[in-house]
2 protein chains.
Amino acid sequence: MKKEITCPLHYTMTLIGTKWKPLILFHLIEGPLRSGVLQKQIPEISNKMFTQSVRELEKDGLINRKIYPVVPPKVEYELTKKGLSLKSILKSLDLWGSEHFKL
Amino acid sequence: MKKEITCPLHYTMTLIGTKWKPLILFHLIEGPLRSGVLQKQIPEISNKMFTQSVRELEKDGLINRKIYPVVPPKVEYELTKKGLSLKSILKSLDLWGSEHFKL
DNA sequence: GCAATAACTTACTTTAAAGTAATATACACT
DNA sequence: AGTGTATATTACTTTAAAGTAAGTTATTGC
């Protein structure tokens, strides 16, 4: 049974409410990164989830994929305008974590 | 294989990065609500996920559970100080959704 | 004694998210 | 011909999230 979305926040969570997507967006805040570099900045992510997540973020218009026709391949990801509009939220979420995560 | 948390944002997402938790917290921003009232404000949530989510939010110190010893039972949920500190983030996430969710 | 009430709880099933590991591509270099 | 490189895909398995539906408690009022 598919449920309706009754609250804008609910919609936001369907786009970025996953384990990895906010982390990927967060690491792109300072500018575009090559695929491999981005993935190394999130060492815990599996290869599969990385590709799957960037695919979905691209489909949802939050990041752009720039392909350079060179060998070996070079691909860069960067935030779109829509993705960039999450910048302050992502920073707040990170700051909140650093303030409340006691080891 | 359990993975380490290398970024505060990752920790934040482990606490509230689910479909329902941010929604529950969001509806408590304006003040405490009775269990039944809160649940009715999120009509899409199943009974089980409601109980499970508030239990975890309580365990993680984001909400308080106030039990009134009356019959039939009365229980209220309210944000803790820690939960309240998410207020502006939750409002931003909701606002972002309303600005980007085109029907 | 039975229904109504509010808030859970439990057992079970389904669906979605995430992990693992192997394989593909395409060319440059040795 | 075989190796290295960067990016990505596929098949498969495991784990976690979510859904469904029925049952529990404790009391009031008929």
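This is a predicted model, so every value here is computed, not measured.

Soluble globular proteins tend to pack their nonpolar side chains together in the buried interior. One finds A:I24, A:L25, B:I24 and B:L25 to be the most contacted residues of the largest nonpolar core, which totals 60 residues. The contacts of A:L25, once residues within four sequence positions are left out, are A:I16, A:L57, A:L62, A:I63, A:L79, A:L86 and A:L90.

Turning next to the protein's contact with DNA strand D. Neighbouring residues of DNA strand D: 19 residues in total, closest A:G36, A:N47, A:R65, B:K19 and B:K48. The sugar-phosphate share of atoms of DNA strand D within 4 Å of the protein amounts to 64%. A distance of 2.7 Å is found between a base oxygen of DNA strand D and a side-chain nitrogen or oxygen belonging to A:N47. At 3.3 Å, a side-chain N or O of B:W20 approaches a phosphate oxygen of DNA strand D. Taken together, the elements giving at least two residues each to the surface near DNA strand D come down to α3 (35-41), α4 (47-59) and β3 (74-79) of chain A together with α4 (47-59) of chain B. Among the elements that take part in the surface near DNA strand D, α4(A) stands out by supplying four residues, more than any other. The class makeup of the residues in the surface near DNA strand D is eight nonpolar, five polar and six charged.

Put simply, chain A has an average pLDDT of 92, and 95% of its residues get 70 or more. Across chain A, strand β1 (residues 33-34) of chain A holds the top mean pLDDT of 97, while helix α1 (residues 8-16) of chain A sits lowest at 90.

In this section: the interface of chain B and chain A. Accessible area lost when the parts come together is the quantity often used to give the size of an interface. Counting residues at the interface gives 36 residues for chain B and 36 residues for chain A. In this structure, the connection of chain B to chain A is made through zero salt bridges. Viewed at the interface, chain A and chain B are joined by eleven residue pairs in polar contact (both at pLDDT 80 or more). Those elements that place two or more of their residues in the side of chain B that touches chain A are α1 (8-16), α2 (21-27) and α6 (87-100) of chain B. At nine residues, the largest contribution of residues to the side of chain B that touches chain A is made by α6(B). A class-by-class count of the residues in the side of chain B that touches chain A yields 20 nonpolar, ten polar and six charged.

The rules behind each value
- Residues numbered from 1 in each chain as written.
- Chains lettered and ligands numbered in written order.
- Predicted model: local features only at pLDDT ≥ 70, side-chain atom pairs only at ≥ 80, totals over all residues.
- Heavy atoms only, no water.
- Core = buried A, V, L, I, M, F, W, Y, C linked by side-chain atoms within 4.5 Å.
- Buried < 20%, exposed > 50% of the residue type's maximum accessible area, 1.4 Å probe, protein only.
- Contact = heavy atoms within 4.5 Å.
- Near = heavy atom within 4 Å.
- Polar contact = N/O pair within 3.5 Å; in protein donor to acceptor, adjacent residues only side chain to side chain.
- Helix = DSSP H or I, 4+ residues; strand = E, 2+ residues; numbered from the N terminus.
- Nonpolar A, V, L, I, M, F, W, Y, C, P; charged D, E, K, R; others polar.
- pLDDT = per-residue confidence, 0-100.
- Salt bridge = Lys/Arg side-chain N within 4 Å of Asp/Glu carboxyl O.

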